[in-house]
Amino acid sequence: MQEGCLLYGGRSFYYVTGIIASLLINVFEDNSTECERQGRYDKIICKLRKQKKKREYISKKENIDYFFSNIDVSAIRKCIIQTENEWDYHFTDESFYEILIYCCIAYKRKELALPLVSDYFPEELKILKKYNEYAFTVAIFEKLEEVFHVHFLIEDVLFLSIQILCSKFIGISDVDVTLSQVKKYDNKLVDFVDRMLKVIRDILDVDLTSDEKVKESLIIHLRPTIFRLRYGTPQKNALIDFIKKEYKNVFRASWAISILFEEYYGLQITEDEIGYIVLYIQAAIERKKHQYRTVMVSNFNMGHTQLVKEKIKKSVPEIDEIKFVSIHDFKIADYEDYDIIISTEERKEKDKRIVVIPNILNETGISTLRAHLDNMNSIMIENATPFSPECFILFSPEFIFTDLEVKTKEECLKIMSQAMEEKHVVTEDFYDSVMDRESKTTTTIGNGVSLPHGSPTAVNESKVGIAILKNPIMWDNEQVQVVFLLAFRLSTRDEISRIQMFYKEYVTLIDSEEKLEKLKSMKSNIELYKYLIQ
C-alpha cells in the first residue's frame, strides 16, 4: 500500500481500523451516558468528514502514531518484524499494519484495564492452538511483554492469532507442515472437504474425490476461510464476475456447498468465498481433462496385472487407459500414440515418455510415477501458457483492453492508469509518474510494442495493464499497437522474484511476429486473460 492515503477517504482497511480503535478507546473508556457517548461519536465523525473534504494526506506511520500517541508504536513494530524474520512469515503491507494496530489496541486495552469481549467456539480454539499461527502470535506477545513489562491475557493472543490466520501473506513457511497439522488435529475439516468433493461429483458428474492435489489445496484455503467467516473478516474476490461468467456451471454447482457450511460450521458462505473454491475445483477439472494413455512393460502374470491396474487408477486418476505388454513383445514403434511408458527395468530406447519403476505397488513406485506425471503436466502448462503460475497474480481482466481506439500515447496511458487507480492498485500520482518517465526516455522496444511503467512509490499492488490498440499510433518515433503498462512494487524478495520472472517470460511472449499476431487476434479482455494464465 502507498505511504500516503486520503484521510477517511481511502479504502485502506488498516486506516479505518485505526479510526475504529480510536473511537472505541475514546468513546467507551469512561462512564458517560449513552447520549454523551453518541454525541462524542458524532463530533469525531463530523471532524473526519471535514478533513476528508480538505483532502488531507497522512502517512501510515503518522496515521497510527496519531491515534496511539501515548504508545511506543515503533517498539511494537520492531517486535512484529523480528518475529516475522525469525519465523520466516512475511505479510503484505495491509496485513502488517492491521496486525500492528491490533497489537496497539491490545496494549491500550491493557493500560485502561478494558476487557476483551469474546465469543469464541471452544472446538475451533482447541484446533487453533495446534497451528503455527498461534505459536507465532505467542512469540509476538512474548517480545511485547519483554519490552513493555506487561502481561497480556489469553484472549488477546487468541484474537490476534485469528487475525494472523486470516491475513494475506507474501511468503509463509512450509505448507507441508500446515497440511500435517490439519490432518492430525482437524478431522472435521478433512471430512468436510471430502463431503464437498462428493457433492460436486454428484452434481457435475466429475469425480475429484481421488485428486489429492485439489484436496490439499482446499484444505489450505478453507482453514483460514472458516475463521474469516466466523469472526467477521470476509475476503473480497476481484475475479468474481469473471468466475461467474466463465465457470458458471461449476459456480452454480458450488453453491450447494453453502448447505454443507451451515451443516458443519453453522456459517453462511459469501459469493466471493464461493468464487475462490470454484477456482480450485475448475483447475482440478481441467487437470482431469488431460487423461493419459499408458503402457506397462513387465512380465507380470494376470493376477498381478489386475492388482497393478487398480493401484494405478486409484492413485493416479489422470491415467485413463493402461495396456500391459511383456518385455519380450514390447516394440516402442507400436506405441507412438501412448503418453507414458512404465517399465520394470531399464530400457535401451531413449524416450522422454519412459519411466522405470521396478515395483509399482509400493509407495516409492507410486511416488515415482506421480513425479513423472507432474513433470509432464508442468511441461504441458509451460507449452500452453506464456507465463508461469507465479506471475498470474499480476494480471486482471479489468486492466486488459482489446481493440482500444486512441489517437495518442497520452490518451492510451490515461485510460490504462485510470482503470488501475479506480481499483486502488495505484495512487492518483501514478499517471504523472508514467508521463514523467515517458518525457525522459522512450519506452518502445521494437515490433510495435511499448513497455511504459510508473514509479514504485505510486503503486499499492503490482499489476500489469495490457492494451491491444485498434490501430497503431505514433509512440515517440515508432508505430505501436501493443502496450504493456507496468505497475510494480519492489518492497519484498517475493515481489522482486515475481517481477524478474515476468520479465524473463515476457521476452518470449513478444519475440516473434507470430506471437504478437496471436495477441492482436484476441477478441476480448477475457480471451486475452485466459490465454495468459491457462
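What comes next is a walk through the structure.

### Focus: the pairing of strand β12 (residues 463-475)
Judged from the four bridges that link them, strand β9 (residues 400-404) and β12 form a sheet pairing that is parallel. Bridge assignment links F401 to a residue of β12, and that residue is A467. Pairing of β12 with strand β13 (residues 478-487) involves nine bridges; the strand directions are antiparallel. Across the sheet, residue A467 finds its bridge partner in β13, namely V483. Here β12 folds back onto β13 in antiparallel fashion, the turn holding two residues, of which D476 has a positive phi close to 60°.

### So, the sheet that holds strand β5 (residues 292-297)
In a beta sheet, neighbouring strands pair by backbone hydrogen bonds and run either parallel or antiparallel. Strand order in the open sheet formed by four strands is β6-β5-β7-β8, with parallel pairing between adjacent strands. Looking at which strands have only one partner, the edges of the open sheet turn out to be β6 (319-325) and β8 (354-356). The sheet shows a mean angle of 25° between the axes of neighbouring strands, direction not considered. In the sheet, strand β7 (residues 340-343) pairs with β8 via three bridges, with the strands oriented parallel. In the sheet register, S343 faces β8, and the bridge partner there is V356. Helix α16 (residues 302-315) rests against β5, β6 and β7 of the sheet, and its axis sits at about 160° to β6.

### Topic: helix α14 (residues 257-265)
I257, S258, L260, F261, Y264 and Y265 are the residues of α14 that are buried. In an axial view of α14, the angular spread of the buried residues amounts to 155°, which keeps them on one side of the axis. Positive phi shows up at G266, right after α14, with a value of about 65°.

### A look at the packing of helix α10 (residues 187-204) against α14
Viewed as axis vectors pointing N to C, α10 and α14 meet at an angle of 155°, and their least axial separation amounts to 10 Å. Comparing their axes, α14 and α10 come out roughly antiparallel. When you trace α10 past α14, the crossing you get is right-handed. The residues of α14 that touch α10, namely those facing K188, L189, D191, F192, R195, M196, V199 and I200, are I257, L260, F261, E263, Y264 and Y265. When its residues are assigned to classes, the contact of α10 with α14 shows 10 nonpolar, no polar and four charged.

### Describing the pairing of β6
Where β5 and β6 come together, six bridges link them in parallel fashion. Each bridged residue has a counterpart across the sheet, and for V295 the counterpart in β6 is K323. Note that the unit made of β5, α16 and β6 has a crossover that is right-handed.

### Some points on the sheet that holds strand β10 (residues 444-446)
If you walk across this open sheet you meet the five strands as β9-β12-β13-β11-β10, and the pairing is mixed. This sheet does not close on itself; its edge strands, each paired only once, are β9 and β10. When strand β11 (residues 449-450) meets β13, the two strands line up parallel, connected through two bridges. Bridge pairing in β13 links V449 to V482. Lying over the sheet, helix α18 (residues 409-422) contacts β9, β12 and β13, oriented at roughly 160° with respect to β12. Helix α20 (residues 493-509) contacts β10, β11, β12 and β13 of the sheet and is inclined by roughly 160° relative to β13.

### Focus on the state of the cysteines
According to the stated counting rule, one finds zero disulfides in the structure shown. Not part of a disulfide, C103 finds its nearest cysteine sulfur in C104, a span of 7.0 Å.

The rules we used
Residues numbered from 1 in each chain as written. Predicted model: local features only at pLDDT ≥ 70, side-chain atom pairs only at ≥ 80, totals over all residues. Heavy atoms only, no water. Pairing = 2+ DSSP bridges. Helix = DSSP H or I, 4+ residues; strand = E, 2+ residues; numbered from the N terminus. Axes fitted to C-alpha atoms, helices over the stretch in contact; angles between N-to-C directions. Contact = heavy atoms within 4.5 Å. Buried < 20%, exposed > 50% of the residue type's maximum accessible area, 1.4 Å probe, protein only. Arc of directions from axis to C-beta. Parallel < 35°, antiparallel > 145°, perpendicular 65-115°, else oblique. Left-handed = near helix turned anticlockwise from the far one by under 90°. Nonpolar A, V, L, I, M, F, W, Y, C, P; charged D, E, K, R; others polar. Right-handed = clockwise from strand over helix to strand, strands pointing away. Disulfide = S-S within 2.5 Å.

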